[in-house]
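Spelled out, the chains give:
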Amino acid sequence: MKTCDLFVIGGGSGGVRAARLAAAQGARVVLAEKTALGGTCVNVGCVPKKLFFYAAGFSAEAALAPYFGWSEFAAGAMDWPTLRENKNREILRLNGVYERTLKDAGVHIVNGAARLTAKKIVHIGDEIYQAEKVLLAMGGAPFMASIPGKELAVCSDDMFHLSVLPKQAVIIGGGYIALEFAGILSGLGVQTTLCYRAELPLRGFDETLRRHTAAEMTKRGIILRPQTAPESIEKTANGARRLYFDNDEMMTTALVLMATGRKPQTRGLAEAGVILRKNGMVEADENYETAVPGVFAIGDLLQTPALTPVATAEAGVFVARVFGGDKTARLDYENIPTAVFCRPPLATVGMSEEAAKARGFKTKTYLSRYRPLRHTLANDKAQTLMKLVVDAECGKVVGAHMVGEDAGEIIQGLAIAIRLGATKDDFDSTIGVHPSNAEEFVTMR
Ligand code: NDP
């Protein structure tokens, strides 16, 4: 039996950071990854998605270009294999960067599916490790709604490796992944229909932002089918997919993307003594320690926001507390900013108006909806939305929301202000950057 101080299962954003930081503290660290280093974020998530998001943006640029005098700028044909292979090359490069970073830090990498089999005992292939500490960082995987014919649909992982780009696609779901792929596919020229079971997409986000997003997606040619849930999928004689919905609608399409959520990868953990919540998430305390002493969990296994920066921050707190002796290290889960890279993108930090009211705040809201300068020459109908939610009693800004170009970039700065407790007066006394979209946040009256 081999030994180590820390055995990390999973080489995604959280696992890699924890391994690297623990090794820097002098720990003997082993990290096991069954596929490629970098996890969901690098291989089938944030990074390739953002590259596809950029690719999809060129068609909108081409539509605007003639109004700025660029007559030769018309959108040409989309060569999907070029995009896919260039993306693959970049991901391979990043896999190599992760490997080098880990090796340089002194982490021993093992390839394969590691299993926690008993208290701090990990099996991988023919090898058995007795670890001082084990960190579970296996992340999540796409969850497909269990309807007859679901195997005829693809999941988000598959979208990064499609052999051909379809002419039409139906996307099921109204969350991050569904909206992001709706923007990507339609931007790449695919006739895209988005079906979700609620009245509006993006449950949990501010309602004004949800409505505005749905309206802007429609303006960009995405067909929205609210209150539509799939019941079954069939393959037609010519290989197309036929979808049947609970409202008796039927659709035939070339590709069905099921973007109905993600589930933590917890197989075998309960047998090893780890307690799981009803929804399948791992139960852990403020040290991220599970029900098995010495076994910890971070990232998408936990009931915390399933976002890469949250997983990497949890990795930092775990190492500071467990290897650095800093029991004060903790992560503040309030005011975590987030962006959905749909078209147009949206971003948010803090509370929605509905959440603030539900928490007993007396709210005052400020709203700005306008046509951005970039769209004036084309005289198109694109509109940007910004909204501030303010605690009417003390004047603090408790939520900032935006739908429009560069929303993610703009909200990141506001997240710092909101964390520091900025009031609406602070926003108002800040000089704007002119002309910009961002300045609208400091000129709303
Ligand atoms: P989400 O939880 O965001 O959305 C899942 C969607 O699927 C919801 O609209 C849900 O509907 C719907 N759904 C669930 N089950 C069914 C069903 N049986 N039939 C029909 N619809 C169903 O999950 P995603 O997979 O999109 O993303 C997972 C997480 O990954 C996100 O929550 C986010 O934390 C993270 N992520 C972050 C990104 C970013 O930072 N940009 C990008 C992508 C993912 P309903 O709301 O009605 O329940």
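Predicted model, so just to flag it, every value in this text is computed and none were measured. Residue numbers run consecutively from 1 along every chain, following the written order of its sequence. For a predicted model such as this one, the threshold for reporting local features is a pLDDT of at least 70, and the threshold for listing and counting side-chain atom pairs is 80 or more; totals across whole chains, interfaces and linings nevertheless cover every residue. The side-chain numbers reported here are obtained from all heavy atoms of the structure, hydrogens and water having been left aside.

J.: Got a minute to help me understand the site of the ligand in this structure?
T.: For this description, a residue counts as near a given molecule or strand if any of its non-hydrogen atoms is within 4 Å of it. The immediate surroundings of the ligand are formed by 17 residues, with G174, I177, R197, R203 and A339 found nearest. We define a polar contact as two N or O atoms separated by no more than 3.5 Å, with the added condition that, inside protein, one atom must be a possible hydrogen donor and the other a possible acceptor, whereas residues neighbouring each other in sequence contribute only through side-chain atom pairs. Backbone polar atom of Y176 to an oxygen atom of the ligand: 3.3 Å apart, as the coordinates give it. One of the backbone N or O atoms of A339 is found 2.9 Å from a nitrogen atom in the ligand. Within the complex, 76% of the 900 Å² of free accessible area of the ligand lies under protein. Counting residues per element, the shell around the ligand draws most heavily on helix α6 (residues 176-187), at three residues. For this classification, the nonpolar set comprises Ala, Val, Leu, Ile, Met, Phe, Trp, Tyr, Cys and Pro, the charged set comprises Asp, Glu, Lys and Arg, and every other residue, Gly included, is treated as polar. Grouping the amino acids of the shell around the ligand by side-chain chemistry returns seven nonpolar, five polar and five charged. Only the protein chains shown count as cover for residues, and the accessible areas themselves come from Shrake-Rupley with a 1.4 Å probe. In this description a helix means any DSSP run of H or I spanning at least four residues, a strand means any run of E spanning at least two, and both kinds are numbered starting from the N terminus.

J.: Before we go on, may I ask you to explain the sheet that holds strand β18 (residues 346-350) in this structure?
T.: Hydrogen bonds between backbone atoms are what pair the strands of a sheet, whose relative direction is either parallel or antiparallel. Sheet architecture is open: five strands sit in the order β17-β18-β21-β20-β19, paired in antiparallel fashion. One side of each edge strand has no neighbouring strand; the edge strands of this open sheet are β17 (338-340) and β19 (363-370). Pairwise comparison of adjacent strand axes, ignoring direction, gives a mean angle of 10° for this sheet. Direction of pairing for β17 relative to β18: antiparallel, over a ladder of three bridges. Paired with V340 across the bridge in β18 is L346. Working rule for contacts: check all heavy atoms of both residues, and any pair within 4.5 Å makes them a contact. In this description, a line fitted to the C-alpha atoms serves as the axis of each element, helices being fitted only across the stretch in contact, and the angle between N-to-C directions of two axes falls anywhere from 0 to 180 degrees. Its contacts with the sheet put helix α10 (residues 407-419) on β17, β18 and β21 (397-403), and the angle it makes with β21 is roughly 175°. In this scheme, strands are said to pair when DSSP sees at least two bridges between them.

J.: Honestly, the pattern of salt bridges in this entry has me stumped. Any pointers?
T.: A side chain of one charge can pair with a side chain of the opposite charge when the charged atoms of the two come close. A side-chain nitrogen of Lys or Arg and a carboxyl oxygen of Asp or Glu constitute a salt bridge if their distance falls within 4 Å. Applying the stated criterion to the full structure yields 21 salt bridges. Close ionic contact of D332 with R419 constitutes a salt bridge, the shortest N to O distance being 3.5 Å. Of this pair, D332 sits in the loop between α8 (308-322) and β17 while R419 sits in helix α10, placing them 87 residues apart in sequence. Connected through shared salt-bridge partners, D206, E353, K357 and K387 make up one network.

J.: Would you explain the packing of aromatic side chains in this entry?
T.: Here the distance between the centres and the angle between the planes together describe a pair of aromatic rings. Ring geometry is summarised as follows: Phe, Tyr and Trp rings, the Trp one being its six-membered ring, pair when their centres sit within 6.5 Å, and such pairs are stacked at plane angles under 30 degrees, edge-to-face over 60 and tilted between the two. Counted under the stated rule, the structure contains nine aromatic pairs. Here the aromatic rings of F53 and F341 are separated by 5.6 Å at their centres, their planes lie at 70°, and the arrangement is edge-to-face. A residue pair is termed long-range when its members are at least 10 positions apart, and F53 in helix α3 (residues 46-64) and F341 in the loop between β17 and β18 qualify at 288 residues. By the burial criterion, F53 is buried, and F341 matches it. Only protein chains enter the accessibility calculation, which uses a 1.4 Å probe; a residue whose area is less than 20% of its type maximum is buried, one above 50% is exposed, and one in between is partly exposed.

J.: Looking at this structure, I do not really get the pairing of strand β9 (residues 191-195). What am I missing?
T.: The two faces of the sheet receive side chains in turn, since in a regular strand these alternate between them. The buried count for β9 comes to four of five residues, which makes it a mostly enclosed element. As paired strands, strand β8 (residues 168-172) and β9 are joined by five bridges and run parallel to one another. Bridging across to β9, V170 finds its partner in T193. By convention, a crossover is right-handed whenever its connection, traced from the first strand over the helix to the second and viewed with the strands pointing away, goes clockwise. In the classification by handedness, the crossover that spans β8, the intervening α6 and the parallel β9 is right-handed.

J.: Would you mind going over the sheet that holds strand β14 (residues 255-258) with me for this structure?
T.: Strand order in the open sheet formed by four strands is β10-β9-β8-β14, with parallel pairing between adjacent strands. Of all strands in the sheet, those with a lone pairing partner are β10 (223-225) and β14, marking the two edges. Strand after strand, the sheet turns through a mean of 20° between neighbouring axes, direction not considered.

J.: Would you mind going over α10 with me for this structure?
T.: Since there are 3.6 residues in each turn of an α-helix, residues three or four apart along the chain are aligned in direction. In this scheme, a helix's expected span is set at 1.5 Å multiplied by one less than its residue total. Taking 1.5 Å per residue as the helical rise, α10 with its 13 residues ought to reach 18 Å, and the 18 Å between its terminal C-alpha atoms agrees with that figure. Of all the positions in α10, only A407, I410, I411, L414, A415 and I418 are classed as buried. Check the buried side of α10 and you find it contacts β18, β21 and α11 (424-428).

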